[in-house]
Amino acid sequence: MSLVRVHNFSISLDGFGTGEGQSRETPFGHAGERLHGWMFATGFWHSMTGRPGGTGGVDDAFARQHGPGIGAEIMGAGKFGPPGWHEDPEWKGWWGPNPPFHTPTFVLTHHPRPSIEMEGGTTFHFLDASPAEALEAAREAAGDQDVRIGGGVTLLRDFLAAELVDHMHIVVTPILLGRGERLWDGLEGLEQAYDIEAISSPSGVTHLTFTRATSAGERG
C-alpha cells in the first residue's frame, strides 16, 4: 500500500505551524515568512521559482524530497485560501495558474465546489470528508505512488490523531511565535508510534523525521 508522507512542514520553537491573523495578504498570519526562511534560501526553492542559485547542504537535500514518488496531495481549506475563500468563485489558490503540486490535489472543506483543472497537472478536488475518506480518494488517484499531506496545522493534526501518517518531516525553526495554531496539541504520546531522528542544520533549523515504527503498539 502507498505511504502517507509529510514534507517540509515548519513549526516554531513553541510548536506553532502558522501565526495568528491569516488573510489574503498574510497567508501565515503574523508569522510572515519566518517559518519558511530556511526553505526559501535553498537551491530547490530557487529552481521552483525560476531563479538561479540558492543554498545546498542539508536544508536543500530535505527540501527536495517533497516531490519524488508523490501521486496525490491532501490539503486543508486554510492552505488553499484565506478565511472566506469559498465565497469567491474566482479563487483558485495562492499559487497562480501553475501550482507546484502537479498531481490531483484534494482540498478538505465544508464548502465543496466543482473541481478546478490547472496548468502543469494539478487538479483541485473539493471534499467534505473525514481524513480516512479523503485518503481513500487520494490513494485511488495516486495509483501506486504515495500521498502527501500538505497541511495546514489542523489537517495534519487530524491525520496524526487518526494514525494515518507513515512518514513525516518536521522542521523546527528558531523563532517564538507565541500565538497561532499549535501542531502538537492533543497528540500526547505520539512519539511512541514512530522512530524519530533529528539533524541540525547550519541555518539554525532542526530537521525531525518521524518514520512509523513497524512494532509500535497503541499509544498510551
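The rules behind the values
Residues numbered from 1 in each chain as written. Predicted model: local features only at pLDDT ≥ 70, side-chain atom pairs only at ≥ 80, totals over all residues. Heavy atoms only, no water. Helix = DSSP H or I, 4+ residues; strand = E, 2+ residues; numbered from the N terminus. Rg over C-alpha atoms; globule rule 2.2 N^0.38 Å. Buried < 20%, exposed > 50% of the residue type's maximum accessible area, 1.4 Å probe, protein only. Contact = heavy atoms within 4.5 Å. Pairing = 2+ DSSP bridges. Phe/Tyr/Trp six-rings, centres within 6.5 Å; stacked < 30°, edge-to-face > 60°. pLDDT = per-residue confidence, 0-100. Core = buried A, V, L, I, M, F, W, Y, C linked by side-chain atoms within 4.5 Å.

1. Some thoughts on the overall build of the protein
Looking only at helices and strands, the protein has six helices and eleven strands in total. Here the C-alpha atoms of the protein give a radius of gyration of 17 Å, agreeing with the 17 Å that 2.2 N^0.38 yields for 220 residues. Overall, the C-alpha framework of the protein stretches about 40 × 40 × 35 Å when taken along its three principal axes. Sorting the 220 residues of the protein into buried and exposed places 46% on the buried side. Here the contacts in the protein between residues at least 6 apart in sequence split such that 65% fall between residues at least 24 apart.

2. Here's the deal with the pairing of strand 8 (residues 167–172)
The two faces of the sheet receive side chains in turn, since in a regular strand these alternate between them. Most of strand 8 is tucked away, with six of its six residues classed as buried. By the bridge criterion, five bridges tie strand 1 (residues 4–11) to strand 8 in an arrangement that is parallel. Its bridge partner lying in strand 8, Ser10 is registered against Val171. In this structure, strand 8 lies alongside strand 11 (residues 206–212), joined through six bridges in antiparallel fashion. From the neighbouring strand, Met168 faces strand 11, where its bridge partner is Phe210.

3. Topic: the packing of aromatic side chains
By convention here, two paired aromatic rings are described through the distance between centres and the angle between planes. Scanning the model with the defined rule gives twelve aromatic pairs in all. For the ring pair Trp85 and Phe126, a centre distance of 5.9 Å and an interplane angle of 40° mean the geometry is tilted. Within this pair, whereas Trp85 is found in the loop between helix 4 (77–80) and strand 4 (104–108), its partner Phe126 is found in strand 6 (residues 123–127), the two being separated by 41 residues in sequence. A relative accessible area of 6% places Phe126 in the buried class.

4. Some details on the sheet that holds strand 8
Reading across the sheet, the nine strands line up as 5-6-4-3-7-1-8-11-10 and stay open at both edges, with mixed pairing between neighbours. Only two strands of the sheet have a single neighbouring strand rather than two, namely strand 5 (116–117) and strand 10 (194–200).

5. Examining the confidence of the model for the protein
Low pLDDT marks stretches whose predicted atomic positions should not be read closely. Per-residue confidence for the protein gives a mean pLDDT of 94; residues scoring 70 or more make up 97%. Low confidence marks residues 215–220, where pLDDT is under 50. Its contacts with residues over four positions away, or in another chain, come to 13 contacts.

6. What about the nonpolar core?
Ile74, Leu156, Phe159, Leu160, Met168 and Ile170 are the most contacted members of the largest nonpolar core, which has 31 residues in total. Listing elements by their share of this core, those giving two or more residues are strand 1, strand 3 (70–76), strand 4, helix 5 (131–142), strand 7 (146–151), helix 6 (153–161), strand 8 and strand 11. It is helix 6 that contributes the most residues to this core, five residues altogether. Among all residues touching Met168, those that are not within four sequence positions of it are Val6, Leu156, Leu160, Trp184, Leu190, Leu208, Thr209 and Phe210.

7. A look at unusual backbone geometry
Cis peptide bonds are those with omega within 30 degrees of zero, and the linkage from Gly151 to Gly152 qualifies with 5°. Mapped onto the elements of the fold, Gly152 is located in the loop between strand 7 and helix 6. For Glu163, which is not glycine, the phi torsion reads 60° and is therefore positive. Within the fold, Glu163 resides in the loop between helix 6 and strand 8.

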